Amino acid sequence: MIPEYYKCIRGELESFTKGKIYKINNPKDLEDTENFIDDKGRNNGFCGQNYHHFTPSTLKEYNLQEGITTIIDKYDTLLEIMNKLNIE
């Protein structure tokens, strides 16, 4: 499976925030030109060097960051609670 979300691991530049997850524009080529939307809303990236600045992430982590809750997330949370309470 090709990752569609990447976490910034080097945020020394003002356009990207270290630890923030970004959706990639072209998932088939991490090193594509301007492959991310930066914090200012511009197409941006580190063509040929993206692998130094980003690591694969998941849709679930992206949704958590954005405050998006899906029915699957709610179900997973309910299962965790039920397991802690030993409810079947």
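Anything mentioned here points back to the structure above.
Small disclaimer: the values here were computed from a predicted structure and weren't measured.

Moving on, we get to the nonpolar core. Soluble globular proteins tend to bury their nonpolar side chains together. Counting residues in each nonpolar core, the largest one holds nine residues, listed as Y6, C8, F16, Y22, I24, L30, F36, F46 and F54. Among residues more than four places away in sequence, those in contact with L30 are Y6, I24, N35, F36, N50 and Y51.

On to the pairing of strand β1 (residues 5–8), then. In this sheet, strand β2 (residues 21–23) lies alongside β1 in antiparallel orientation, the contact comprising three bridges. Looking at β2, one finds that Y6 is bridged to Y22. Of the pairings in the sheet, the one linking β1 to strand β5 (residues 54–56) comprises three bridges and is antiparallel in character. Across the sheet, the residue bridging to Y6 is P56, located in β5.

Reading across the sheet, the three strands line up as β2-β1-β5 and stay open at both edges, with antiparallel pairing between neighbours. This sheet does not close on itself; its edge strands, each paired only once, are β2 and β5. Going from strand to strand, the sheet's axes swing by 40 degrees on average, the running direction of each strand aside.

What counts and what doesn't
Residues numbered from 1 in each chain as written. Predicted model: local features only at pLDDT ≥ 70, side-chain atom pairs only at ≥ 80, totals over all residues. Heavy atoms only, no water. Core = buried A, V, L, I, M, F, W, Y, C linked by side-chain atoms within 4.5 Å. Buried < 20%, exposed > 50% of the residue type's maximum accessible area, 1.4 Å probe, protein only. Contact = heavy atoms within 4.5 Å. Pairing = 2+ DSSP bridges. Helix = DSSP H or I, 4+ residues; strand = E, 2+ residues; numbered from the N terminus. Axes fitted to C-alpha atoms, helices over the stretch in contact; angles between N-to-C directions.

As far as function goes, none of this settles anything; it's purely spatial.
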